[in-house]
Amino acid sequence: MTAEELRSLVDSLAGLPYGGEIVDQRTHALQCAWHAAQDDADPDLLLAALLHDVGRAVYPDLDHETGGERFAGDVLGERAAWLIGSHAQAKRYLVTVEPAYFQGLSRASVDSLAEQGGPMSAAEAARFEDHPWSADAVRLRRWDDVAKVPGAPEADLDELLEVYRQRTERA
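Since we're looking at a predicted model, the values are computed, not measured.

Mind showing me how you'd approach the pattern of salt bridges here?
Once the charged atoms of two side chains with opposite charge are near each other, the side chains can pair. Counted under the stated rule, the structure contains 18 salt bridges. Linking Arg 92 and Glu 124 is a salt bridge whose minimum nitrogen-to-oxygen distance equals 3.1 Å. Taken together, the residues Arg 92 in helix α6 (residues 78–97) and Glu 124 in helix α8 (residues 122–130) connect sequence positions 32 residues apart. For Glu 124, a relative accessible area of 25% translates into the label partly exposed. Note that Asp 144 is salt-bridged to Arg 141, the shortest N-O span being 3.2 Å. One end of the pair is Asp 144 and the other is Arg 141, both in helix α9 (residues 134–146) and three residues apart, which spans about a single turn. Classification of Arg 141 by relative accessible area gives buried; the value is 4%. Where salt bridges share partners, they join Asp 39, Asp 42, Asp 44, Arg 79, Asp 136, Arg 139 and Arg 167 into one cluster.

Explanation requested: the packing of helix α1 (residues 3–11) against helix α10 (residues 157–170) in the structure shown.
The axes of two packed helices give the description: the angle between them and the distance between them. Running from N to C, α1 and α10 point in directions that differ by 140°, and their axes come no closer than 10 Å. With respect to each other, α1 and α10 are oriented oblique. As for the relative orientation of α1 and α10, their crossing is right-handed in sense. Contact residues: Ala 3, Glu 4, Leu 6, Arg 7, Val 10 and Asp 11 in α1; Leu 157, Asp 158, Leu 161, Tyr 164 and Arg 165 in α10. Counted by class, the contact of α1 with α10 contains six nonpolar, no polar and five charged residues.

What exactly am I supposed to notice about the packing of helix α2 (residues 25–38) against α9 here?
Where α2 contacts α9, the two axes come as close as 8 Å, and the packing angle between them is 130°. Of the possible angle classes, the one that applies to α2 and α9 is oblique. As α2 runs across α9, the sense of the crossing is right-handed. Two secondary-structure elements touch here, α2 through His 28, Gln 31, Cys 32, His 35 and Ala 36 and α9 through Leu 140, Trp 143, Asp 144 and Val 146. Taken together, the residues of the contact of α2 with α9 break down into five nonpolar, three polar and one charged.

Would you mind going over the confidence of the model for the protein chain with me for this structure?
Low pLDDT marks stretches whose predicted atomic positions should not be read closely. Looking at the protein chain as a whole, the pLDDT averages 93, with 99% of positions reaching at least 70. For the protein chain, helix α7 (residues 107–115) is the element with the lowest average pLDDT, namely 85, and helix α3 (residues 43–51) is the one with the highest, namely 98.

Sorry, what's going on with α1 here?
Helical geometry note: an α-helix holds 3.6 residues per turn, so side chains three or four residues apart project in the same direction. Within the sequence span of α1, burial applies to Ala 3, Leu 6, Leu 9 and Val 10. Angular distribution of buried residues about the axis of α1 spans 115°; they occupy a single face of the element.

Thresholds applied
Residues numbered from 1 in each chain as written. Predicted model: local features only at pLDDT ≥ 70, side-chain atom pairs only at ≥ 80, totals over all residues. Heavy atoms only, no water. Salt bridge = Lys/Arg side-chain N within 4 Å of Asp/Glu carboxyl O. Helix = DSSP H or I, 4+ residues; strand = E, 2+ residues; numbered from the N terminus. Buried < 20%, exposed > 50% of the residue type's maximum accessible area, 1.4 Å probe, protein only. Axes fitted to C-alpha atoms, helices over the stretch in contact; angles between N-to-C directions. Parallel < 35°, antiparallel > 145°, perpendicular 65-115°, else oblique. Left-handed = near helix turned anticlockwise from the far one by under 90°. Contact = heavy atoms within 4.5 Å. Nonpolar A, V, L, I, M, F, W, Y, C, P; charged D, E, K, R; others polar. pLDDT = per-residue confidence, 0-100. Arc of directions from axis to C-beta.

This is the structure in structure tokens:
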């Protein structure tokens, strides 16, 4: 995928409802990427933050984590794909290990939690923790949770596309 094709994809998210949240999918994606950039995310994690919900648009017949993971596997590689595919599992994990986390979830996120399997069992949480990228999936989840505010800062798409260009040139 070229950088311009990626721009078109991100721009196509404008105006698309975001699961009952008060921002659209493009705003959410750019806000999430802004939080990632503020937290010094590496290129894979930054691009995963931008595209973590893209599965809704690219593969509407799949759950968004699976669709996003499939898309990212083709476009970004294994690590970004795993992070995108695991961001809902990270929510399940956080609900399990940080009981107060649940209180900060939006109504739409609470509703989707049930569809995603609810809190993890102790065994599921241990398996999740054991994955080498689980801490980054948790970081992505936390940015996802706060990237739902009308008028909040958004990442500059041109800068993100430059990160994408540089990353794909090295690959």
